[in-house]
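Secondary and tertiary structure notes
The residues making up each chain are set out below.
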Amino acid sequence: MENLDSLKATELRLALPGTEEGAPPASGRACKRLSPEAGDGGGGAATPPSKAQVVGWPPIRSYRKSYLEEKKNAETFVKVSMDGAPYLRKIDLGVHRGYKELRESLVGMFKCFSLGFSSTEGGCSSEYAIAYEDKDGDWMLAGDVPWEMFASSCKKLRIMKWAEARGLGSSS
Amino acid sequence: MARFPRLRSLTLKGKPHFADFNLVPHDWGGYARPWIEALARGCPELEELRLKRMVITDECLELLARSFPNFRALFLVSCDGFSTDGLAAIATHCRHLRELDLHENEVDDRGEWLSCFPESSTSLVSLNFACLKGEVNAAALERLVARCTNLRSLWMNRSVSLEMLSRIVSKAPHLEDLGTGSYVHDPHSESYHNLINAFLNCKSIKSLSGFWDVAPRCLPAVYPICSQLAYLNLSYAATIQADDLINMIGHCTKLQKLWVLDCIGDKGLAVVASRCKQLEELRVFPSDPFGHGTIDSVTEEGLVSISSGCPGSTRCSLITIAKNCPNFVRFRLCILSPKKPDPLTHRPLDEGFGAIVQSCRGLRRLSVSGLLTDQVFLYIGKYAKKLEMLSVAFAGDSDKGMLYLLNGCRSLRKLEIRDCPFGDAALLKGVGRYEAMRSLWMSSCEVTLRGCQALAAMAPRLNVEIMHEEEEDAGGISCGGGLDDAQRVEKMYLYRTLAGPRSDAPSNLFTL
């Protein structure tokens, strides 16, 4: 049975292609072997060896790995503030597919404050607007651009009363 | 080079395939410089150069650009060592350039290069810069496309917006191969509307790729060309959900080659199976290679639906695929967890892959994975008579496995093995085969220095290279440096040679 601890030494790093892979331990090959899956019911019993511990496995090109990592690690959690709420929340834009879903999540998060934020359809009847700060630092009204464009440029969310939203931009 | 002064076209391949997965030291070799210098001295009529997995510098590219007045085609595949400055030199000096194909290279972005094509340059037929990371000059690209009326293949990089795409496609309706950039825009915009019209005019597009950062609502623009497509690559489209993929692929009835991410799911693969009756190649890439995700990934069921069989186990799927797809020429299945047995039976996958080789008699390339014993190699050796390239990882029980391969696969040219229990006995028994093969790679196996030395002694026309990462090596001039010869060799790569050991090897590599 191979020593799983020594696998730590072969921890896969997502370094740039061409950089030296972490040197495997001097004792050589033994450390890179994984414990063989037990043939008898091993499929369920033992957790398979973590893929991330094997150098060069799975056989995926570095540029693909970094592209996927970038997609995964994209700052998908953003802070959400709501006027009148005592504290902020954080929401994962990555798990939402569109504005409707986002609004529903936000309503769910903030309804405990009884501030009248609801998911009634139609912007006009709803009391609140959802604004966001984009990459350039500008505050924009959510909903104008395609969802993916929004999700990739949104840094912060703010739920604000329409009355105040109309006041945005006027000199103060 | 002096022997062939009239040379017009040269293809060179450098590093072993496993260099793609960072298993080969960065400074292993494969330098293009000596070749280009020799060509510049001796072969003035050179028109075409293809390099794969080699290291090429900007200086080399400049030398290349200036040395060959008839130069027409440059293909760089999986190379590194150069930047956009080198590309600028090519663009500036190669007056008759018809093809510039940069496929999956590591290129440093140092700025402008596209605008270096002179305004008088109209010869381009094929341009691929999909792998470049930096911005391109949109105006320069548009002008280039407009004046190169013979342009048939254009693969752009991620920096090209959908807006740019729409302008470019409308100027190049005769394109046959198209790689988009980022495919995100407001579907109500004028640009998107223009794109729809541009695509309607493109009757010749047979291959489509790109699709970084996709807005699913913009996909319908490509539906009219889907029915023409032979090749579709959506392996970067991480933002398309299964349903949108299904909608799109539903239009692709002539598809021969499909690359997708595994978020297509089993349902998506079932659609592929029912709509794409001419499919010859399917590659499914993991969108979450390290398995922390929760997406509905492809399972054996999906694989089976490609050939409409019974759901159940991987073994069953493989057997069904084998029966229904006997024309496969390449079959590469990567089961992400090494040594994973069949999830239903918990048994090895020997029979499954055995079925593949028994049925697909024309199989030239095979990669196996999952839990495998020596038995699978018995099958491969017995049936895979046309097999040229085999990749094996975490498989087998003993030397017998490797011997079955070496004895049986008479067409084998490239064999790459990692993490298998094959040792010196098998290595040495195969000595009669290696000179007829292109190369053999073995890493993390049971092969020792002693075994490699014995092999090298028996076969003077082979370079037996061993790579060892040991820091304490006394800079070995003698074979193996500080290595005890009973010690296992980490990485061994052997290939036939007429020239003996090479002089450009790094310090931790020894040729025995």
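Residues numbered from 1 in each chain as written. Chains lettered and ligands numbered in written order. Predicted model: local features only at pLDDT ≥ 70, side-chain atom pairs only at ≥ 80, totals over all residues. Heavy atoms only, no water.

1. A few points about the overall build of chain B
Counting its regular elements, chain B contains 17 helices and 21 strands. For chain B, whose C-alpha radius of gyration is 25 Å, the value lies close to the compact-globule estimate of 24 Å for 512 residues. Projected onto its principal axes, the C-alpha coordinates of chain B cover approximately 70 × 60 × 40 Å. Across the 512 residues that make up chain B, the buried fraction comes to 59%. Across chain B, the fraction of contacts at a sequence separation of at least 24, relative to all contacts at a separation of at least 6, is 72%. Accessible surface for chain B amounts to roughly 20,500 Å². Of this, 49% is attributable to carbon and sulfur atoms. (Helix = DSSP H or I, 4+ residues; strand = E, 2+ residues; numbered from the N terminus. Rg over C-alpha atoms; globule rule 2.2 N^0.38 Å. Buried < 20%, exposed > 50% of the residue type's maximum accessible area, 1.4 Å probe, protein only. Contact = heavy atoms within 4.5 Å. Areas by Shrake-Rupley, 256 points an atom, 1.4 Å probe, with all protein chains shown as cover.)

2. Examining the nonpolar core
Residues and elements named next belong to chain B. The biggest cluster of nonpolar side chains holds 92 residues, and the ones touching the most others in it are Trp-113, Phe-129, Tyr-183, Phe-199, Phe-211, Val-222 and Leu-232. Looking at which element gives the most residues to this core, the answer is helix H5 (residues 162–171), with 5 residues. Residues in contact with Val-222, not counting those within four places in the same chain, are Tyr-183, Phe-199, Leu-208, Phe-211 and Met-248. With 58 residues, the next largest nonpolar core counts Ile-321, Phe-331, Leu-390 and Leu-494 among its residues. (Core = buried A, V, L, I, M, F, W, Y, C linked by side-chain atoms within 4.5 Å.)

3. Overview of the environment of Phe-77 of chain A
All names here are of chain A. Relative to the helices and strands, Phe-77 is located in strand E1 (residues 77–82). Each C-alpha atom, one on Phe-77 and one on Arg-97, is 14 Å from the other, the two residues being 20 residues apart in sequence. Setting aside chain neighbours within four positions, we find Phe-77 in contact with Lys-90, Ile-91 and Asp-92.

4. Here's the deal with the environment of Leu-509 of chain B
Residue and element names in this part refer to chain B. Position of Leu-509 among the secondary structure elements: in strand E21 (residues 509–511). For the pair Leu-509 and His-468, spaced 41 residues apart in sequence, the C-alpha separation works out to 6.6 Å. Non-local contacts of Leu-509, meaning those with residues more than four positions away in its chain, are made with Trp-28, Glu-465, Ile-466, Met-467 and Arg-502.

5. Details of the confidence of the model for chain A
All names here are of chain A. In this model, chain A carries an average pLDDT of 67, and 59% of its residues clear a pLDDT of 70 or more. At the level of individual helices and strands, chain A shows its lowest average pLDDT in helix H1 (residues 42–45), which scores 34, and its highest in strand E4 (residues 139–141), which scores 91. Every residue in residues 1–52 scores below 50 in pLDDT, and together they form 94 contacts with partners more than four places removed in sequence or on other chains. Scored below 50 in pLDDT, residues 121–125 shows 3 contacts in the model against residues more than four places distant or in partner chains. (pLDDT = per-residue confidence, 0-100.)

6. Quick notes on unusual backbone geometry
A cis geometry characterises the amide bond from Trp-57 of chain A onward to Pro-58 of chain A, with omega recorded as -5°. Note that Pro-58 of chain A resides in the loop between H1 and helix H2 (62–73). Located in the positive-phi region is Asn-22 of chain B, a residue other than glycine, with phi close to 60°. Positive phi, close to 55°, is recorded for Arg-53 of chain B, a residue that is not glycine.

7. A word on the pairing of strand E3 (residues 128–133) of chain A
Residue and element names in this part refer to chain A. In terms of burial, E3 is a largely internal element, 6 of the 6 residues being buried. Across the two faces of E3 the burial is the same, with Tyr-128, Ile-130 and Tyr-132 and Ala-129, Ala-131 and Glu-133 all buried. Sheet topology places E3 next to strand E5 (residues 156–161); 6 bridges connect them, and they run antiparallel. Each residue of the ladder has a partner; that of Tyr-132, found in E5, is Leu-157. Pairing of E3 with E4 involves 3 bridges; the strand directions are antiparallel. Residue pairing for E4: Tyr-132 is matched across the bridge by Met-140. Count of turn residues in the E3/E4 antiparallel hairpin: 5 residues, of which Gly-137 carries a positive phi of about 90°. (Pairing = 2+ DSSP bridges.)

8. A closer look at the side chain of Ser-121 of chain B
Structurally, Ser-121 of chain B can be placed in the loop between strand E6 (106–108) and strand E7 (126–128). Beyond its immediate stretch of four places on either side in the chain, Ser-121 of chain B contacts Arg-147 and Cys-148 of chain B.

9. Here we look at the pattern of salt bridges
For the coordinates displayed, the defined rule picks out 27 salt bridges over all chains. Measuring nitrogen to oxygen at the nearest pair gives 3.0 Å for the salt bridge that ties Arg-50 of chain B to Glu-48 of chain B. Under the relative-accessibility criterion, Arg-50 of chain B is labelled partly exposed at 31%. Residue Asp-58 of chain B is joined to Arg-110 of chain B by a salt bridge in which the shortest nitrogen-to-oxygen separation is 3.5 Å. Of this pair, Asp-58 of chain B sits in helix H2 (residues 58–67) while Arg-110 of chain B is found in the loop between E6 and E7, placing the two residues 52 residues apart along the sequence. According to the relative accessible area criterion, Asp-58 of chain B is buried, its value standing at 14%. A single network of salt bridges, built from pairs that share partners, joins Arg-61 of chain A together with Asp-20, Arg-53 and Glu-104 of chain B. (Salt bridge = Lys/Arg side-chain N within 4 Å of Asp/Glu carboxyl O.)

10. Regarding the pairing of strand E2 (residues 48–52) of chain B
All names here are of chain B. Judged by which residues are buried, E2 turns out to be one-sided: Leu-49 and Leu-51 face inward and are buried, whereas Glu-48, Arg-50 and Lys-52, on the alternate face, are not. Relative to E2, strand E1 (residues 9–13) runs parallel, the two being bridged by 5 bridges. Residue pairing in the sheet places Leu-12 in a bridge with Leu-51 of E2. Crossover handedness for the path E1 to helix H1 (residues 33–42) to E2: right-handed. In terms of strand pairing, E2 meets strand E3 (residues 73–77) through 5 bridges, oriented parallel. Looking at E3, one finds that Glu-48 is bridged to Ala-73. Once you follow E2 into H2 and on to E3, the crossover reads as right-handed. (Right-handed = clockwise from strand over helix to strand, strands pointing away.)

11. Details of the packing of helix H13 (residues 374–383) of chain B against helix H14 (residues 399–408) of chain B
Residues and elements named next belong to chain B. In contact at an axis separation of 8 Å, H13 and H14 are set at 5° when each is read in the N-to-C sense. As summarised for this structure, H13 and H14 are arranged roughly parallel, according to the angle between their axes. Of H14, the residues touching H13 (which contributes Asp-374, Phe-377, Leu-378, Ile-380 and Gly-381) are Lys-400, Gly-401, Tyr-404, Leu-405 and Gly-408. Classifying every residue of the contact of H13 with H14 by side-chain character gives 5 nonpolar, 3 polar and 2 charged. (Axes fitted to C-alpha atoms, helices over the stretch in contact; angles between N-to-C directions. Parallel < 35°, antiparallel > 145°, perpendicular 65-115°, else oblique. Nonpolar A, V, L, I, M, F, W, Y, C, P; charged D, E, K, R; others polar.)

12. Observations concerning the sheet that holds strand E15 (residues 365–367) of chain B
All names here are of chain B. Strand order in this open sheet of 8 strands is E14-E15-E16-E17-E18-E20-E19-E21, and the pairing throughout is mixed. Among the strands making up the open sheet, the edge pair consists of strand E14 (330–332) and E21. Recorded for the sheet is a direction-independent mean angle of 10° between the axes of neighbouring strands. Here E15 runs beside strand E16 (residues 389–393); their pairing, made up of 3 bridges, is parallel. When the bridges of E16 are listed, Arg-365 appears paired with Met-389. On top of the sheet, H14 reaches E16, strand E17 (414–418) and strand E18 (439–443); it is set at about 175° to E17, its chief contact.

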